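So the chains spell out like this:
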Amino acid sequence: MAKNMAQRRYQKAARRKAVLAERRRIAVLDMSLPARIRRAAAGPFRHCLLQEGLFESGMARLVVVRGAPGETMSCSFLLDAFCLGVKDVDAQAVIPDEAAQVIEAMSDDAPFRAVRPAYACKLMRDLVAWAGSIGFPPPPLLAAAQQIFGGVNPDSCADAFTFGRAGRPTYVPGPADTLAMTNDRLRQLRERLGKDGFDFMVMMPSGLRLEVELADDEMDDVFDIQAAAQRGMPSAPSRHSA
C-alpha cells in the first residue's frame, strides 16, 4: 500500500513537472521574435513607408510598423533593387510614438513616402525572387520579419517592378561591404551571368559613382579599385567610365 502511494505521488509530481516545463516552453516561444511579429500582424498598420529613390539610386529602406498598443512591432528592410535584393533586416518592439521619431531621423538620408501594404508586400516578394534568381538569397531574419504583412494580398497590387540598373544587375558595394565580400559577389555574378551579364560600380567618397569594367583575368584588380575608391583616387582611368 505504502509503495503504491509513493508511486502515485511520484507519478503526480512528474506530471506536474512536465506541465510546468511545457508552460515555461510556451511562454518562451510566445516571446520569440516570430511570435511577436505574428501578434503585431493581427493589429492595424501604423506606418508603411518607403524611402524615395529606390529605382533611381538602387537603395532604399522600407519601414513597416504594425500592431495594437503593447504589441507594436517595427520591421525595417534595406532594399537593393540593383543587385542584392533585401540586404538587411531589423525587427524590434516599439512604442508607436517612438517609431515616428525613429522614422523621422532616418529620413535625413532620404525622405519617406507612404505606400500601400499590398505594394510593399509585392515589392518585397518580387525583389526577393529576382535577387534569388541571380544567386543572392535574403537574410535569415526575413522569414520572420515579412510576417508583418500577415493578411495582405500582394496580388491585389497592380504595379509591376523592374529591377537592376536599366534592367541589368549592377553591384554597388556599400560602406559595410568588405573587399572579400565584394570579390565573392563579383565571382558569383560572373559564374551565374557571365562577364557581360552584369555591371559593377564603386562609390567614391565624393558621392560620384564610377562604373568599372573588369577584365577576364583581373578579378584581383577589384581590391585595387576598392582601395582607390576609398582614397578618392581612380586607380586606372582607362578602366573607368563616369
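What you are looking at is a predicted structure, and each value in this text was computed from that prediction instead of being measured.

A. Region of interest: the nonpolar core. Core analysis: the biggest nonpolar cluster contains 45 residues, and Leu50, Leu62, Phe77, Leu79, Ile148 and Phe149 have the highest contact counts within it. At 9 residues, the largest contribution of residues to this core is made by helix H5 (residues 117-133). Setting aside chain neighbours within four positions, we find Leu50 in contact with Ala60, Arg61, Leu62, Leu79, Pro111, Phe112, Arg113, Val115, Tyr119 and Leu123. By size, the runner-up hydrophobic cluster in this structure holds 7 residues, among which are Leu49, Val65, Val94 and Ile103.

B. Spatial organisation of the pairing of strand E1 (residues 45-51). In this sheet, strand E2 (residues 59-66) lies alongside E1 in antiparallel orientation, the contact comprising 5 bridges. Within E2, the residue paired with His47 across the bridge is Val65. Judged from the 3 bridges that link them, E1 and strand E5 (residues 112-114) form a sheet pairing that is antiparallel. Residue pairing across strands places Gln51 opposite Phe112, the latter belonging to E5.

C. Looking closely at the pattern of salt bridges. Within the structure shown, the criterion is met by 10 salt bridges. The salt bridge involving Arg125 is made with Asp126; its shortest N-O contact spans 3.0 Å. For Arg125, a relative accessible area of 37% translates into the label partly exposed. Where Asp184 meets Arg187, a salt bridge forms, and the shortest distance between an N and an O atom there is 3.8 Å. Within this pair, Asp184 and its partner Arg187 are both found in helix H7 (residues 179-193), separated by 3 residues, close to a single helical turn. Using a relative accessible area of 48% as the deciding quantity, one classes Asp184 as partly exposed. Arg187 gets classed as partly exposed once you look at its relative accessible area, which sits at 35%.

D. Inspection of the packing of aromatic side chains at higher detail. Going through the model one piece at a time under the given rule, you end up with 7 aromatic pairs. Ring geometry for Phe55 against Phe161: centres 6.1 Å apart, planes inclined by 5 degrees, an arrangement best described as stacked. In this pair, Phe55 is assigned in helix H3 (residues 54-57) and Phe161 in the loop between helix H6 (142-145) and strand E6 (170-171), connecting sequence segments 106 residues apart. For Phe55, a relative accessible area of 32% puts it in the partly exposed group.

Calculation rules
- Residues numbered from 1 in each chain as written.
- Predicted model: local features only at pLDDT ≥ 70, side-chain atom pairs only at ≥ 80, totals over all residues.
- Heavy atoms only, no water.
- Core = buried A, V, L, I, M, F, W, Y, C linked by side-chain atoms within 4.5 Å.
- Buried < 20%, exposed > 50% of the residue type's maximum accessible area, 1.4 Å probe, protein only.
- Helix = DSSP H or I, 4+ residues; strand = E, 2+ residues; numbered from the N terminus.
- Contact = heavy atoms within 4.5 Å.
- Pairing = 2+ DSSP bridges.
- Salt bridge = Lys/Arg side-chain N within 4 Å of Asp/Glu carboxyl O.
- Phe/Tyr/Trp six-rings, centres within 6.5 Å; stacked < 30°, edge-to-face > 60°.

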